[in-house]
Each structure stands twice: as C-alpha cells, then as structure tokens.
Amino acid sequence: MRHLKRTVILTFCLSIFIFFSCHSEKLQPTKDQNFNKDWLFKKGALSNGETTDLDDSAWRKLNLPHDWAIEGPFSNTYNARTGGLPVHGEAWYRKHFSVNPLEKGKRISIEFDGAMNNAKVWLNGHYIGERPYGYIGFELDLTEHIKFGEDNLIAVQLTPQDLAARWYSGAGIYRNVRLKINNPVHIPQYGTYVTTPEVSKEKALINIKTKVVSFDSKTSKAVLKTSIHDENGLIVAENNQDITLSSEVDTEVLLTVNNPNLWDITTPVLYQAKSMVYIDNQLVDTYITHFGIRSIAFDKDKGFMLNENQVELNGVCMHHDQGPLGAAINYRAKERQMQIMKSMGVNALRTSHNPPSPEMLEVCDKLGILVIVEAFDEWKMGKVPNGYNQYFDQWHETDLRDMIKRDRNHPSVIMWSIGNEILEQGKKDGWKIAKQLNDICHDEDPTRPTTVGFNYFPAPFENHLAEHVDIVGMNYWPEQYNSILENNPDMIVYGSETSSQTSSRGVYHLPIAFKEQHETNHVSSYDVTVGPPWAYAPDIEFDAQAKEPRSLGEFIWTGFDYLGEPTPYGGRDNSTNGYWNDDWPSRSSYFAPVDLCGFPKDRYYLYQSQWTSKPMVHVLPHWNWEGKEGQDIPVFAYTNAEEVELFVNGASYGKKVKGKDVTEIPAEYHDYKKGWYKSKYRLSWQVPYQPGSIKVVAYTDNKIVATKEIKTADKPAKLTLIADRTEIQADGTDLSFVTVKIEDENGNLCPLASNLVNFSIDGEATLAAVGNGDQTSLASFQANERKAFNGLCMLIIKSTENSGIVKITASSEGLQPSTVNITTK
Ligand code: GAL
C-alpha cells in the first residue's frame, strides 16, 4: 500500500498537468435555458404534490434559487447548531412550462445544481428520479414524458430533516436550475475532460477527452471540431475528428498551444475550448469549456508548487452560506466573499465539508484562488442523527464521481478531499473506505491528489487511513507536523483546519481572560480566548508553519462567520447528540476573522499582517472607555512593517519592533495549556485611558509606511451609507452591499452604537437582506430595518431586470439620515 501511495505522489511531483475549467455552457443549436423563473412553492406535507390536477393557483410564486429557511423566524425550538432556523420539513416546488413543438425529436432534461435536500422529481405526474445529497448537482432525463406544445408540470418534493448537518444547510432549490434541449447527437453533462501531459512557457500539450452520445440509430457518422480560444477569443489551436457514432463514444485529441499564458494566483488567465459536433456539415451541438493552463506539483520538501513556483497555502475553510442571504446561491455574494478573503491575503479555499456551488469555483478560477473540493463530512458513521451516513452506502460513489466529473477541469482545484474528521478514523478497518474513495478519485482524475482532514491523532496512522490518501490534512495539530514528518518521511502534510479562535466584531472584554462565558454571549476581539477545547490563537499556527516549512500551509476555521454552530455558546455537545440550546440566542458562528456581513474583525488584520506585503498597520481596541479613565487598557497593533510607534493624544509611547518585542497572551491549547504564550505577531502597550486618540505609525527602513488612528467618538449624530458598488447589472440577481455607519458629528465611528436604522429603497431594486454581524441577533434578515451592532449594520439590495437609478435612504431617530444612489444597467 505504501508503495502504491508513494508512486501516486511521485506521479504528482514529476508530472505537469494543465487543467481546464468545466463551467460549461451550451450554445445554439442546442439550448440550455435558465429555468429559475416562475416556480410555485408550498411548505408542508402533501400526499398528491406531484399530480397534474392539483390546484396550485394559490401557491406562492417565486424565482429560484430559493432558501426557505433564511426567511425564518429564528426560534429555539429549532436547533442553534443549524442556525435556529427552520431548515427541516416538507416543501413542494412546481413549475408549469411548455416546449415548442419544433423541438420534437430532441432530448429534454432538467439540471439542478443542488436541492436541499432529498429531492424527488416528477414530470406530468410521472416519477423521474431523486437525489438525496443536497450539495451535488444532478440531471434527469425528461424526454419520455414531455408533451410538446402543451402544458408540462415539473414537481419537486424536498424533505430536509433537522440535525442533518452540524451547520446551517439552508433548505429548498437553493442552486440554479436549467432546462436542456439537445439534439439526439450531443455532448452530455460533464462531457469534456482536459489535461496536458506537457507544459512549458514555450508550449503546452493539451489533451481533450470528449464524450458524444447518440439517440439516433440511423446516423453513424459525425465530425467533432475542437478549437481552443485565448482570452481575446482568437483560435490558438484546432482539430477535426471523424467519429463513428454509437450510444456513447469517447474521443481524445492532443492539441498544442504555443506560448501559453499560464493560470496563476496573480494572473488567473482563462482560455476556452469549443467542441462542436457536425452531422452532414450541419452543426448539431456546441459545448464550451472555460479553462486555464497551469501545472501543479506537491513536493515533500518544497511543498505546493504552482507553475514550478512554491506557493504557501494561506487558506480558509468556508461553509456554503452567504450570511444574511442564506444558502440561495448568488454569484456576486460568492465573488464578494472571496474578494474580502483575498484582501486578507487568502490564496486558498477548502470547501468544508461538501461540494461547492459551480459559481464558487467560477469565482476562484477568476480570482486566482486555489481550492480543495471536499466531498463529505460523514461516511458510514454519523455525527448527527440525520446526516449523510444514511445515504452513504447507496449514493457515495455516484456523488463522488459526479463531484469530480463536474469540477475536474477547474484550474483552481488542486486536491480532492474525501472527508472531514470522519469517525472511521477510529476504526481498525476504517482504511477500507478511505482506499475505496481514494481509488474513485484517481479513477475519475489521476492528476490531483486526495486528502482528508484528520483529527484523532494518532488513530488515522494506527488504523492506516493516512496511508490511503495522497496528502495528509491535519485538523488542529500544529505541534505534531514535525513529529509526523519525522516518522513518515514520505508524507506530505498541511493544516487542513487551524485555530478556531472565536470573537465578536468590535467587542473587547477586560481584563483579558482565559475563558469567557460572557453574559452578552459575545466573545472578545482581543482574540486570546477561544471556543472549543481544540482551538488556539492564530499566532500558534503561524509559529508552527514557520517551524515546519515542509507543511503546505494552513486553512483557518473559517474565512467568514457562518450560520449555525455558535460555539462557545451552545450547540457543541457532540457526544450525546444533545444539541442543547442553553445559550440561546446565539445562532451563528464566532470563528472567522470577518463577521456574517463581511465586516472585518480585528483578527482579519492579524492575518493580513502575516499574509500580505502591501504596508498595513492596525490598532485595537476602540477608544471609548467612559468610566475607565486612568485605568490601563491593552492596546494591540498588527503590522507587516518592521516597527510600530504608538501615540496617545499626540505623545509617543515608544516604538516596538516586530519579531523582537512580544505580546504575552493567555493561551490554553496543548503545550500552552493555561500558560502565557509569547506572540511575536502582535505588538502591544498598556495605556492609561484618557479620551482623545490612539495612533499607530508603522515604519520600514525608518520610513513611515502606514498609519491608523482611532479617536474617542462623541455621541451618535449621523448615518453614513457606503455602497460596495454604485453601478450594478440590471439582471435581477446582481447585488449592492451597503455599509451603514453610525458616526458622531465629526465623522468618527461610534463603536458602541446600536441605533435602529430604517431603510427605504426607491427604484428598480428589492431588499435582499439586512444584517449586522451580531451572532446573538434574532431579528429577521429580511426586514427593512436593522439595529447597528457596534456602530455598523448592512443593507443588501438586489437589482430587478429594469435599469434605472435606485435611491436608498437610511434613517434613524435623532440621527441625520443618509442616502446613496445606485445605478442599475
Ligand atoms: C472541527 C470541525 C468543523 C468545526 C470546527 C469548529 O472539528 O471539522 O466542522 O466544527 O471543528 O472548531
């Protein structure tokens, strides 16, 4: 086994592959129609939801993607673990549609990118198929029961259960849906697979495998034309291939691209492959594959190599929800999430703990973010009463193969994770499933390594699971990287989940304490106290990565706060399945360096100080400590510069040197248990409080490179609105995220303000959501008002399909209102 594994790793290390994205789209003459509009929805059990004579005229009309659970209301009769939102129950979606009689003879299918969950589908009363796993895409053939030129009815039943996940899953047809109309001869779903056996700056060899299916027994000959187009659409390589049709034909072609522009994290250049099928010189199908050219390798000494350059993985784990917007997929919401992550210095994502939306991979391809695509949080042994383990036996192979076939062409994807903290680690024969899943991955895609996020040290080694994946992910084991590598010299490791520090934006508790069960259910942003017992301050992982350069890097838990799992307040008693809600109203996680709205917490800047090079400096806490005059307040600075000088009301408190001057923080993890840990990543001062200002000045080479000042704010006087984009697409899906600040007369943020803000939207846009990042707020995400949390809240608006000017007004009692105009085009 070891030998086999070594060979696989060697293959990764020696070979260079190029990958091509697979967010494929169909062009004329075959059609993929966006099928999101005008669905009918009804929550509740129905015995006849699929029947054509059921009167659905009073059902709620809506467009997909849709997540019914985010509509709320929050309640502690639901589980805080899954967000305190109604993710369970039965619901039906129905859509009436017609297909032009001219399409007769064609193949008609419906493609769901994911439905949460337990989807069962009927067409015109006929059962068509089902898919239990909510995170996987699936296509169902409708041809047999379609009525051309007449009313057709698609009915979808979903029956998600509570406690089916350890986080908020959302509920509904929450990803995109397409109706596909294909000629009898066509390229099917996931029909292309592209690698290259060779790449250099001068040329790349591109291997394109294309599947062609035929439902036309009378036609035997076709021609497959394949062309590769560069960023400007120019053809850089092409080929014509004669094919003899049968029900399914697999073709393969090798093309050369000279002087390729490589896909990289700084230059994520994408190409396009166009595959066209001709019969008797008639074009019958066109299939587009967007792609990027790059090589990856994993080297046990050098780490991860992209285009032969070593790249340290500065990664985040992310669940799939989009905060106040819930789980209903939105391209702009994903793009914004990853832009914020990128600005923190992130270059990698682990899609914990399930297959992502196609849009997330599209965003990562475009932004140059490396991705570990993860399949499962459970195998046969369940972690929650209604988890995936109940479907594992029947569905895991189909789900895993489909995940890889869907995602294997994305240049951003670098590894397949077959599981997270799977309980089979603890079983003597746990390796058997690991091997089987590993083999499936290699069968569908021999060009990327497999991995698992292991956590029960040393069980996965003793029970041989670690031998059956190519790369060993280690959750929360920073002190073990070295000993594992010393004992297993051929192994490649990385921190698949790290830190799990918790905090609430803008909250500072004094004195800095070990453990906090604070009456407000908030956690201090000094970021020294933590949630679960395995958690530790980010600094400890920075040390571990620096000490073990062979580690590929780390993936912090998590990039964004997410709905559910409100550790340390409630919902973390795994052992009993007891899922207590004692600490209600906490309903969303505290783990991330940015809050649920995407507002940076202080920890965002701690990561930025390690992961970015553009000069920055950050200072905390706020400077509004009325009643604490004369008392010492710890002031922390985070920087990527050499030195920082602190000024308090204009007077210098001296310079501190990064890497030399340390900050003692209480840390409770493993070796540091209940001790004081000396962090060389934070600079600090004790400052007797007087109102006024604290200012940090950062120097490199004795030159000022960055500054930041916080002033004591006076009482709230006005609102300020800042839209992340003042011009958006009038396409019915684009979003503008509007930050609302509560400020004093002089424009200082009021760091403790919690004023209620009312919104009015005038023009071609609708309210998509509101939020404030407070993990304990049970206010609706869909109201036209929101209380500020520590001076900030957010309004998210969505365009309609009409262009125009949208005027947004925010008002609050006793404060000067504010407006912002957004143009939709
Ligand atoms: C890990 C787990 C994550 C999350 C995290 C919280 O053990 O893999 O899903 O629960 O703990 O610290």
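Only a predicted model underlies this, so the values are computations on that prediction, with no experimental measurement involved. (Residues numbered from 1 in each chain as written. Predicted model: local features only at pLDDT ≥ 70, side-chain atom pairs only at ≥ 80, totals over all residues. Heavy atoms only, no water.)

## Overview of the sheet that holds strand S46 (residues 792–799)
- In spatial order, the strands read S40-S42-S46-S44; together these four strands make up an open sheet with antiparallel pairing. Looking at the sheet topology across the chains shown, the edges are occupied by strand S40 (718–723) and strand S44 (765–771). Strand-to-strand twist of the sheet, defined as the mean angle between neighbouring strand axes without regard to direction, takes the value 25°.
- Along the sheet, helix H2 (residues 331–344) contacts strand S42 (735–743) and S46; its crossing angle with S42, the most-contacted strand, is approximately 55°. (Pairing = 2+ DSSP bridges. Helix = DSSP H or I, 4+ residues; strand = E, 2+ residues; numbered from the N terminus. Axes fitted to C-alpha atoms, helices over the stretch in contact; angles between N-to-C directions. Contact = heavy atoms within 4.5 Å.)

## Looking at the side chain of Ser169
- Note on placement: Ser169 falls in the loop between strand S10 (152–158) and strand S11 (177–182).
- With relative accessibility at 10%, the residue Ser169 sits in the buried group.
- Apart from residues no more than four positions distant in its own chain, Ser169 is found in contact with Val87, Met116, Tyr135, His320 and Ala327. (Buried < 20%, exposed > 50% of the residue type's maximum accessible area, 1.4 Å probe, protein only.)

## What to know about the packing of H2 against helix H9 (residues 602–611)
- Close contact between H2 and H9 brings their axes to 8 Å; oriented N to C, the two are set at 60°. Classified by the angle between their axes, H2 and H9 sit oblique to one another. Judged by residue contacts, Ile340, Ser343 and Met344 of H2 engage Tyr604, Tyr607, Gln608 and Trp611 from H9.
- Grouping the amino acids of the contact of H2 with H9 by side-chain chemistry returns five nonpolar, two polar and no charged. (Parallel < 35°, antiparallel > 145°, perpendicular 65-115°, else oblique. Nonpolar A, V, L, I, M, F, W, Y, C, P; charged D, E, K, R; others polar.)

## A word on the site of the ligand
- Residues in contact with the ligand, as listed here, are Arg166, His353, Asn420, Glu421, Tyr476, Glu497, Ser500, Pro532, Trp534, Trp557, Glu565 and Phe591.
- Within the side chain of Glu421, a nitrogen or oxygen atom sits 2.6 Å from an oxygen atom of the ligand.
- Within the contact set of the ligand, an oxygen atom lies 2.6 Å away from a side-chain nitrogen or oxygen of Ser500.
- When the free accessible area of the ligand is taken as 310 Å², the share hidden by the protein chains comes to 96%. (Near = heavy atom within 4 Å. Polar contact = N/O pair within 3.5 Å; in protein donor to acceptor, adjacent residues only side chain to side chain. Areas by Shrake-Rupley, 256 points an atom, 1.4 Å probe, with all protein chains shown as cover.)

## What about the sheet that holds strand S39 (residues 703–711)?
- Taken in spatial order, the four strands line up as S34-S33-S38-S39 in an open sheet, and their pairing is antiparallel. Of all strands in the sheet, those bounded by a partner on one side alone are strand S34 (651–657) and S39. With strand direction ignored, the average angle separating the axes of adjacent strands in the sheet is 20°.
- Relative to strand S38 (residues 693–700), strand S33 (residues 643–648) runs antiparallel, the two sharing six bridges. Counterpart to Glu645 in the pairing with S38 is Val697.

## Examining H2
- The terminal C-alpha atoms of H2 lie 20 Å apart, and with 14 residues this matches the ideal 20 Å at 1.5 Å per residue to within 8%.
- Within the sequence span of H2, burial applies to Arg332, Ala333, Lys334, Arg336, Gln337, Met338, Ile340, Met341 and Met344.
- The residue sitting at the N-terminus of H2 and contributing the capping side-chain oxygen is Asn330; that oxygen lies 2.9 Å from the backbone nitrogen of Arg332.
- Following H2 by one or two positions, Gly345 adopts a phi angle in the positive range, close to 105°. (Expected span 1.5 Å × (residues − 1).)

## Observations regarding the confidence of the model for the protein chain
- Chain-level statistics for the protein chain give a pLDDT mean of 93 and a share of 94% at 70 or above.
- Mean pLDDT per element in the protein chain: helix H1 (residues 2–14) is the minimum at 36, and strand S24 (residues 348–350) is the maximum at 99.
- For the stretch residues 1–28, pLDDT sits under 50, and the model shows 114 contacts to residues farther than four places along the chain or on other chains.
- Throughout residues 572–579 the model reports pLDDT below 50, and contacts reaching past four residues in sequence, or to other chains, amount to 19 contacts. (pLDDT = per-residue confidence, 0-100.)

## Digging into the packing of aromatic side chains
- Enumeration according to the criterion identifies 33 aromatic pairs in this entry.
- Centre to centre, the rings of Tyr133 and Phe376 are 6.0 Å apart; their planes meet at 35°, and the pair counts as tilted. You can see Tyr133 sitting in the loop between strand S8 (126–131) and strand S9 (138–141) and its partner Phe376 sitting in the loop between strand S25 (370–374) and helix H4 (389–407), a full 243 residues away along the chain.
- The exposure class of Tyr133 is buried, given its relative accessible area of 8%.
- The class of Phe376 is buried, set by a relative accessible area of 1%.
- Each residue in the set Tyr133, Tyr135, Phe376, Tyr388, Tyr391 and Phe392 is aromatic and connected to the rest through ring pairs, giving one cluster.
- Its guanidinium or amino end placed over the ring of Tyr699, Lys655 lies 4.1 Å from that ring's centre, counting from NZ or CZ.
- Over the ring of Tyr605 we find Lys708; its NZ or CZ atom is 4.1 Å from the centre of that ring. (Phe/Tyr/Trp six-rings, centres within 6.5 Å; stacked < 30°, edge-to-face > 60°. Lys NZ or Arg CZ within 6 Å of the ring centre and 35° of its normal.)

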